[in-house]
Amino acid sequence: MSARGSRALIRRLIIALLCLPLLALATLWLALPRLELAGMAAGRISARLDRQATIGSLRVTPGLTLRVALRDVKLANITGGSRPDMLTLRQLDAGIALWPLLMGRLELTDAAAEGASLLLERDGERRGNWQGARQTRSAAASGRDGGWYAALLRVTGSEILIRTSSGKLLRVGVDEAEIATDSRTEPVRLHARGSYNDLPLALQGRLGSFAELAQAERPFPMKLEAQSRRTQAALDATASDPMNFDRWQGRLELRTPELATFLRDLGVQGAPDIALELAGDASREGDVWALRDAAGSLDGQALTAPLLRLTEGLPGVADDLDVQLDATRLDLNRLLGRNAGPAPDGDADTRLVVDRNPDPTITARLTARELLYGEWRATNAALRVNVTPGRIEIPQASGVIAGARLQAAAEAQAVEGGTAVEASVTMREGRLDALRQLLGLRPLPLEGAVTAEAHVQASGGTLRQAMRRASGTAVLSIRNGSIERAVIEAMSTDLRAIFRTAPGRTPLRCALAVVVLREGRGRVMPLRLRAATGTVQGSASFDLMRRQLDLAVRSQRDTTDFLALDLPIRVHGSFANPEIGLGSRDSLPGDGAIALPEGLRATVRQNGC
C-alpha cells in the first residue's frame, strides 16, 4: 500500500473513532425516552440520603429542556418515625434546562406536582426527618448553596403533615399552590389555597429572589399574608434559614373580628366571639417561637403583650407557653360568655379538674386597670398563674374592689378522686358600707374600716364535694367605726328599748369575729363588738350545706347602762328565715382556744377587742 493510501486509511479511522461517541450519544438521545430510569435513580437517591427511596417510573425526554416524568415516588422516614414514608408523591412533571444541568446547576423551567404527602417530624435528639443522617441539627443544610432555581412550580392535591413534639398531628392541605419568578434575580411570587386542620386557608406572599437565597450570609426577605375566613395575618420578616422556616424575625400582625370562630376551628372551645387585633415583633430561633412588645385591642379595649413565647418540648415532653398581657379593661362577662349580674344559684354543680399532663405548660402574668365580673368591678387587677403537670398555682391575685385591697394566693393539685385546693385571701382598707353595697345587702347599723384574712383547704371532684370537705380559718376585724345606739340597747336587752328607739350613733371602737370551718360546718368564736355604750360578745355555729345558723350574743354587764338586763339573744334556723328570741345563759360558750396561723394571729392582735 502506498504512503498516500496509508494516510487516507488513518484519516478514516480517526474520523470513525470521533464519530463513535457522537453516534452513541445520538443513539442514547433517541433511545432515552424509551428507557426506564427508575431503578438507577432510586439507587442513587438512597445512597445519597441514607434512606430507602423507591420510584415507580422515571422517564426523560431529551432536548434543550429535558422533560422529566416521575411516578409513584416514596422516600423512607427516619428510624422510629410515626409512619414508614416521609414522602409519597403520585406524580411530578418537570422541565429542566440542559446547559445549566451540564454545569452542575438544577434549573426548573416549570414543574407540576400532584398527590404529594410530606410528613415533618423530629426524633428523640430533636433532629428533623428532613435532615440527612450525617447532619447534626446545628449543621443541617440550609438549601442556600445557589445550586438550584425554579421559574415555576405548581402543586395540587397535596398535604404537609407536621407532628409536634407532644405527638399532635397538624395537617396543612394544599388544594393548589404556585411559586413563580421571572428570573434568578427577581422576587418570587407565592400563591396558595388549602386548609389548616380543615380550616380554610389562603396564602400569598412575595419572597426574595433565588439569587438572594444563594447568599447565605445575608438574611432572606419574606412577606406573607394569610387569611382564614375573616381572620387575617401578615408577616414581614427576614430569615437566616428560610428553607427550614427557622432563625427569622420580623413584624407580625393578626386581626380577627370573631375570636371564638377562629379558635374553635383550631380546636379551642368556649372562647368569646369578640374582636382581637395584635401586632408585634415575632421571631423563631430553633424551638422558641416568640411575639414581643405587641400592642392592639381586645373587644375594642387597648391590650399590650410584652411577651408571648412558645418553647417546643422534646418528644414526649409538653411545650411551654409564657404569657404576659396587660389590658386596659377586661370584661370577664363577655370573655366567659355570661351575662353581667349575680351568678345564678342553680342546682348545677361544677367539676374541679386539674390536668395531670397539660400541653402546653403555662406561665402567665396578666394585669388589667379595670376588671369586670358579674356586678363586681376591680381596679389595678393583677394575676400570676402557673400550670404544670397535676398542679395549678396562683402565687398572686390582687386588686381593689369597692375600695378594699385584696390579695390572694391559691394552689390546686390533682389527687386521688378529684382535686385538692388550698387558698388564702387578705383584705385591707375595706369600708363596711361599700362592701355591703357590693354584696347587695340592706343597710347595716354599723360602719367602719374592715380587715379580713382567711385560709381555706378543700378537696373533691366537684365544687359541692369540695364545699362539704372544706376546712379553714378566717378573721374579720372592724375598727374606728360607728354603730347605731338602738342596736347596742337591743343587744343588751335595755328596758328603754321597749318605749323608744335610741337616736343617733355611738363610736365603734372595734369588732372581731374568728371563724373556724371544718368540712362545711363552722363556728364563730369569739364574736365581739366594743362600742362607747357597751360591749357585746357571742358565738355562732353554721352549716354551709344545710344552710343553717345558730347565733347567740349577750352584752357584757360592766359595760352597759344600769337599765340593761344583759340577757342572751339567740338567732337560729335557716339562712333565709331565721328565728329570733331570748337565749339561755348556757347558750354562750366561752371563747375557747383556737389555733390560728401566724398571719391571722397578727390580725387579731391588731384589732384590740
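Only a predicted model underlies this, so the values are computations on that prediction, with no experimental measurement involved. (Residues numbered from 1 in each chain as written. Predicted model: local features only at pLDDT ≥ 70, side-chain atom pairs only at ≥ 80, totals over all residues. Heavy atoms only, no water.)

Participant: Give a detailed account of the overall build of the protein, specifying residues and quantitative values.
Facilitator: For the protein, the count of helices and strands is 10 helices and 29 strands. Within the protein, contacts between residues separated by at least 24 positions form 48% of all contacts whose residues are at least 6 apart in sequence. (Helix = DSSP H or I, 4+ residues; strand = E, 2+ residues; numbered from the N terminus. Contact = heavy atoms within 4.5 Å.)

Participant: Could you give me a rundown of the pattern of salt bridges, with the residues and numbers involved?
Facilitator: Enumeration according to the criterion identifies 24 salt bridges in this entry. As a salt-bridge pair, R309 and D322 come within 2.9 Å of each other at their nearest N and O atoms. Note that R309 is positioned in strand β15 (residues 301-311) and D322 in strand β16 (residues 320-331), a separation of 13 residues in sequence. Connected through salt bridges with shared partners, the residues D175, E176 and R193 form a single ionic network. (Salt bridge = Lys/Arg side-chain N within 4 Å of Asp/Glu carboxyl O.)

Participant: Let's hear about the side chain of E447: which residues, and what values?
Facilitator: Following the sequence through the fold, E447 ends up in strand β22 (residues 446-460). A polar contact of 3.2 Å, which involves the side chain of E447, links it to the side chain of R431. The residues contacting E447, other than those within four sequence positions of it, are R431, L432, D433, I478, G481, S482, R505 and L508. (Polar contact = N/O pair within 3.5 Å; in protein donor to acceptor, adjacent residues only side chain to side chain.)

Participant: An account of the pairing of strand β24 (residues 505-518) is needed here, citing residue identities and associated values.
Facilitator: Bridge analysis of strand β23 (residues 471-484) against β24 gives 13 bridges, and the strand direction is antiparallel. Counted as the bridge partner of I478 is A511 from β24. Direction of pairing for β24 relative to strand β25 (residues 521-531): antiparallel, over a ladder of nine bridges. From the neighbouring strand, L517 faces β25, where its bridge partner is G522. Hairpin connection, β24 to β25: the antiparallel pair is bridged by two residues, and E519 has positive phi, about 50°. (Pairing = 2+ DSSP bridges.)

Participant: Break down the packing of aromatic side chains for me, with residues and values.
Facilitator: Per the stated rule, a full pass over the model turns up five aromatic pairs. Ring centres 5.2 Å apart and planes at 85° place the aromatic pair W148 and F210 in the edge-to-face group. Taken as a pair, W148 in strand β5 (residues 148-150) and F210 in helix α4 (residues 210-214) lie far apart in primary sequence, 62 residues in all. Overall, the relative accessible area of 29% leaves W148 in the partly exposed class. In this structure F210 comes out as buried when scored by relative accessible area, which is 6%. Both rings, one in F245 and one in W289, keep their centres 6.3 Å apart while their planes meet at 40°; by these two values the pair is tilted. Pair noted here: F245 is in the loop between β11 (231-241) and β12 (246-256) and W289 is in strand β14 (residues 288-298), with a separation of 44 residues, a long-range link. Through a chain of ring-to-ring contacts, three or more aromatic side chains come together here, namely W148, Y149 and F210. (Phe/Tyr/Trp six-rings, centres within 6.5 Å; stacked < 30°, edge-to-face > 60°. Buried < 20%, exposed > 50% of the residue type's maximum accessible area, 1.4 Å probe, protein only.)

Participant: For the environment of D322, give the residues involved together with the corresponding values.
Facilitator: Residue classification places D322 among the buried positions, given a relative accessible area of 14%. When the C-alpha positions of D322 and A364 are compared, they lie 5.9 Å apart, and in sequence the two are 42 residues distant. Among all residues touching D322, those that are not within four sequence positions of it are L307, L308, R309 and T363.

Participant: Give a description of the environment of Q215 that names residues and reports values.
Facilitator: With respect to the helices, strands and loops of the structure, Q215 is situated in the loop between α4 and β10 (220-228). Between the C-alpha atom of Q215 and that of S240, which follows or precedes it by 25 residues, the distance is 9.9 Å.

Participant: Could you give me a rundown of a nonpolar patch on the surface, with the residues and numbers involved?
Facilitator: Taken together, L64, W99, L102 and M103 make up a surface patch of nonpolar side chains, about 520 Å² in accessible area. The topology assignment puts L64 in the loop between β1 (53-61) and β2 (65-76). (Patch = residues over 30% accessible without salt bridge, like charges linked within 9 Å, V, L, I, M, F, W, Y side chains within 5 Å. Areas by Shrake-Rupley, 256 points an atom, 1.4 Å probe, with all protein chains shown as cover.)

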